[in-house]
Amino acid sequence: MNLILSLVVGTLFAGGIYLVLRRSVVKLILGLVLFSHGAHLLIFLMGDGLVKARTPFVRAETGVAPPDSADPLVQALILTAIVISLGLLTFVMALAYRADQAVGSDNLDDMTSTDQL
Amino acid sequence: MAHHLFLPLIVPLLSAGVATIVSRRRIWARVIAVAATLFNLGYGAWLLVTVAVMGRQVTQAGGWVAPFGITLMADGLSAIMLLLTALLTLVTIMFSFATIDARQERFYYYPLLLLLMFGCSGAFLTGDLFNLYVWFEILLVASFGLITLGGSRAQLEGGLKYVVLNLFASLCFLVGAGLIYGVAGTLNMAHLAERLNAIQEPTLVTAVAGFFLIAFGSKAALAPVFFWLPTSYHTPSIAVTALFGGLLSKVGIYALYRVFGTVFQSELARLAPLILAVAGVTMVVGVIGAMAQVNVRRILAFHIVSQVGYMAMGLGLASVAGLTAGILFMAHNIVVKTALFLIGGAAEHLTGTGELKQMGGMARREPFLAVLWLLASFALVGIPPLSGFFGKLGLIQAGVAQEQWLIVGVAAGVSLFTLFSMLKIWNEVFWKKAYSDLSHLPRAGAGLLAPAVILVAVSIALGLGAAPALEYSVLAAEQALDTAGLARDVCGPDSCDTVELAVAR
């Protein structure tokens, strides 16, 4: 299962990078979306991976979580990262929409006015 | 437990909230912004002294014991950065009073500035790698808002590239943070330093360190991932450019110093030649890029890239002497770079354009502004006794002591080209005769000059008071590289591993 998930992460990264390198702003944003999904799944793999485990509640009598409990930290990390990338990607989309209105094009090659001398 | 470390975070956050509510009434928003910034400035000064007297300040968020909860910590480097962040925000706000468009000002300008200060302060105070990622995102969101505030075509074009490339760097950071958790099983910097320096299989750690190098390197605008900076920094209002130019790329450098000084200390020696090469290329590319430009702010933006190379050189020397000089140079550069943007920006504001060809005659029209420019640009180039001299001297001395001749040669040579660019602006903006009649232009009032005067005064003070500044930089560099002391301060007298095992048992 972990192997499949690793392959999924790799595919997401590859697709993300391919799309980021395209000229279209929409594809660029889709690339960032894929890349961020890849990053989130990668964090997930860095815990125990995809295994069947118990909820990580600490037992009152021993003060210790059962040994086969899942790693709660990675889930907290992913949740934080998902929320952040949701907000940022929303901002990028709004920005791209405004840029498209101002420039009248979806092509990054038409957006070079700030680089020209 | 130094719970006071929460204050410089809570105050800007709450003030940003209040300033958002009252943003229709400009006066109130201004008062709140200045008050919050003054508080952080005072706190930063106090923290600077406290760290020097009492050593590293540490507290745990929510009272969770060290390697489990989120650690906030302040050492000399954090204190310097916190103080300079507040100083820059303050002068930026002062400069905005005189320059910024009233509509932009009402459009949540001050809340965004305060959130930027909030994010930067958090990044300088956190002792947790994932938390650092979160702070980076907070300051990025605020900077996204500021760089596109106004919504002109240039801002949207430049802003899009700024946003996308920074987002990509953030994702690299996130991947790195995820991988490091997989390798070491912790995200607390003190704990990470302890574990990674003892790890048996260094190849994987080197690969992960590469992710961090790319992430922080592109936030710091190191070559070859600096392109977002010169394409976007000249597009927003002058005050915003000045703040970004002074502060934002240095947050990336701070993160490099922090993470490679502690967490990846064992990797630093291995990666040092690469970092030095990157630093040298960055210096050269930045300074050559600046030579081609014919706009005040765009020349200065390329010089940010060039100067960041010097700071990376401080890290690449991988020694206390190198890091000391790097910190001293960074402190100087944060102040002087912003001063140059404010002075050049003031000339641009008065003339109504930043294109060198259409400017001129400013030395006769505004002699005081011209004197400020000369002082700040000489400080940037590194002419004694101004502040830039001692940082560069330290870097070159450290390089010579470690026999890194190539980087020493590049660093010295790039200084000459920096002088060339500064003189180009001097000639075109201040010295040459004006083509048009300047008498109808507005005069530079106290509101336009005061921010630059403050920064130039700080720069001169840093130069004249170089001995204490250097002493403090030594302290900051030693603290930043002292992983054993860090683990002791964060996790208590036993190691972080001991604390974790004790709880697990």
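As shown above, the structure is provided for reference.
Definitions and limits used
- Residues numbered from 1 in each chain as written.
- Chains lettered and ligands numbered in written order.
- Predicted model: local features only at pLDDT ≥ 70, side-chain atom pairs only at ≥ 80, totals over all residues.
- Heavy atoms only, no water.
- Helix = DSSP H or I, 4+ residues; strand = E, 2+ residues; numbered from the N terminus.
- Buried < 20%, exposed > 50% of the residue type's maximum accessible area, 1.4 Å probe, protein only.
- Contact = heavy atoms within 4.5 Å.
- Phe/Tyr/Trp six-rings, centres within 6.5 Å; stacked < 30°, edge-to-face > 60°.
- Core = buried A, V, L, I, M, F, W, Y, C linked by side-chain atoms within 4.5 Å.
- Disulfide = S-S within 2.5 Å.
- Patch = residues over 30% accessible without salt bridge, like charges linked within 9 Å, V, L, I, M, F, W, Y side chains within 5 Å.
- Areas by Shrake-Rupley, 256 points an atom, 1.4 Å probe, with all protein chains shown as cover.
- Salt bridge = Lys/Arg side-chain N within 4 Å of Asp/Glu carboxyl O.
- Buried area = accessible area lost by both parts, 1.4 Å probe.
- Polar contact = N/O pair within 3.5 Å; in protein donor to acceptor, adjacent residues only side chain to side chain.
- Nonpolar A, V, L, I, M, F, W, Y, C, P; charged D, E, K, R; others polar.
- Axes fitted to C-alpha atoms, helices over the stretch in contact; angles between N-to-C directions.
- Parallel < 35°, antiparallel > 145°, perpendicular 65-115°, else oblique.
- Expected span 1.5 Å × (residues − 1).
- Bend = angle between axes of the 7 residues up to and from the residue.
- Left-handed = near helix turned anticlockwise from the far one by under 90°.

Draft legend 1. Structural context of the environment of S15(B). All names here are of chain B. If you trace the backbone, S15 turns up in helix α1 (residues 7-21). Residue class for S15 comes out buried when judged on its relative accessible area of 10%. Sequence separation of S15 and A35 is 20 residues, and the distance between their C-alpha atoms is 8.7 Å. Those residues in contact with S15, other than ones at most four positions away along the chain, are I32, A36 and L114.

Draft legend 2. Quick peek at the packing of aromatic side chains. Residue and element names in this part refer to chain B. Here the structure, examined in full by the defined rule, presents 31 aromatic pairs over all chains. Each ring, one from Y162 and one from Y233, has its centre 6.4 Å from the other, and the planes form 45°; the classification is tilted. Taken together, the positions of Y162 in helix α7 (residues 153-184) and Y233 in the loop between α10 (228-232) and α11 (238-263) put the pair 71 residues apart, joining distant regions of the chain. The buried category is assigned to Y162, whose relative accessible area is 1%. Its relative accessible area of 1% is what places Y233 among the buried residues. Between F173 and F216, the ring centres sit 4.8 Å apart and the planes meet at 70°, which makes this aromatic pair edge-to-face. Separated by 43 residues along the polypeptide, F173 in helix α7 and F216 in helix α9 (residues 202-219) bring together distant segments of the chain. Looking at F173, the relative accessible area reads 0%, which means it is buried.

Draft legend 3. Focus on the nonpolar core. Counting residues in each nonpolar core, the largest one holds 216 residues, and the members touching the most others are F260(B) and F264(B). For F264(B), the residues in contact, after removing those within four places along its chain, are I180(B), L196(B), V205(B), V208(B), A209(B), F212(B) and V259(B).

Draft legend 4. Molecular detail of the state of the cysteines. Residue and element names in this part refer to chain B. Inspection of every chain in the model, using the stated rule, returns one disulfide over all chains. The residue that forms a disulfide with C491 is C496, at a sulfur-sulfur distance of 2.0 Å. Judged by the sign of its S-S torsion, about 85°, the bond between C491 and C496 is right-handed. With respect to class, C491 is no different from C496; both count as buried.

Draft legend 5. Summary view of a nonpolar patch on the surface. Residues and elements named next belong to chain A. There is a patch of nonpolar side chains on the surface, built from M1, I4, V8 and L50 and spanning about 360 Å² of accessible area. Relative to the helices and strands, L50 resides in the loop between α2 (25-46) and α3 (72-103). A relative accessible area of 34% places L50 in the partly exposed class.

Draft legend 6. Spatial organisation of the pattern of salt bridges. All names here are of chain B. One pass over the full model with this rule turns up 13 salt bridges over all chains. Ionic pairing is found between R195 and E500, a salt bridge with its closest N-O pair at 3.0 Å. Here R195 is found in helix α8 (residues 189-196), whereas its partner E500 is found in helix α22 (residues 496-504), with 305 residues between them in sequence. Among the ionic pairs, E267 bridges to R270, the shortest N-O distance being 2.9 Å. Residue E267 and its partner R270 are both found in helix α12 (residues 265-292); the two are separated by three residues, about one turn of the helix. Overall, the relative accessible area of 2% leaves E267 in the buried class. Overall, R270 belongs to the partly exposed group, its relative accessible area being 45%. One salt-bridge network, in which partners are shared between bridges, spans R26, R30 and E105.

Draft legend 7. Broad picture of the interface of chain B and chain A. Counting residues at the interface gives 39 residues for chain B, matched by 40 residues for chain A. Here chain B and chain A share an interface that buries about 3,300 Å² over both sides, 78% of which is from carbon and sulfur atoms. When the buried area of chain B at its contact with chain A is split by residue, L156(B), L160(B) and Y181(B) rank highest and sum to 18% of it. Taken together, the links from chain B to chain A amount to one salt bridge. A salt bridge links K161(B) to D115(A); the shortest N-O distance between them is 3.4 Å. Inspection of the region where chain B meets chain A yields 11 residue pairs in polar contact (both at pLDDT 80 or more). Of all the elements in the fold, those that place two or more residues in the side of chain B that touches chain A are α6 (129-147), α7 and α10 of chain B. The leading source of residues in the side of chain B that touches chain A is α7(B), at 20 residues. Residues of the side of chain B that touches chain A, tallied by class, amount to 22 nonpolar, 11 polar and six charged.

Draft legend 8. Highlighting the packing of α6(B) against α7(B). All names here are of chain B. For the pair α6 and α7, the least separation of the axes is 10 Å and the interaxial angle reads 175°. In this view, α6 runs roughly antiparallel relative to α7, as classed from their interaxial angle. When α6 is examined against α7, the residues L129, F130, L132, Y133, F136, E137, L140, S143, F144 and I147 are found in contact with a partner set consisting of Q155, G159, Y162, V163, N166, L167, S170, F173, L174 and I180. Residues that form the contact of α6 with α7 fall into these classes: 14 nonpolar, five polar and one charged.

Draft legend 9. Seen up close, α12(B). Relative to the 40 Å expected for 28 residues at 1.5 Å per residue, α12(B) spans 38 Å between its end C-alpha atoms, a close match to the ideal helical length. At L271(B), α12(B) shows its maximal bend, which comes to roughly 60°, and the proline P273(B) appears one to four places after that position.

Draft legend 10. Inspection of the side chain of T338(B) at higher detail. With respect to the secondary-structure elements, T338(B) resides in helix α14 (residues 320-351). What T338(B) contacts, discounting residues up to four positions off in sequence, is L88(B), A242(B), G246(B), N333(B) and L455(B).

Draft legend 11. Quick look at the packing of α8(B) against helix α21 (residues 483-491) of chain B. Residues and elements named next belong to chain B. At a minimum axis separation of 9 Å, α8 and α21 run at an interaxial angle of 135°. Between α8 and α21, the interaxial angle falls into the category oblique. The hand of the α8/α21 crossing is left-handed. Contact with α8, carried on its side by M189, A190, A193 and E194, involves T483, L486, A487 and V490 of α21 and no other residues of that element. A class-by-class count of the residues in the contact of α8 with α21 yields six nonpolar, one polar and one charged.

Draft legend 12. Representation of the environment of L356(B) in the model. All names here are of chain B. Assignment of secondary structure puts L356 in the loop between α14 and α15 (362-365). What makes L356 buried here is its relative accessible area of 3%. Distance in space between the C-alpha atoms of L356 and V294 is 5.6 Å, their sequence separation being 62 residues. In this view, L356 contacts V294, N295, V296, I299, K424, I425, E428, V429 and K432; residues no more than four positions away in its chain are not counted.

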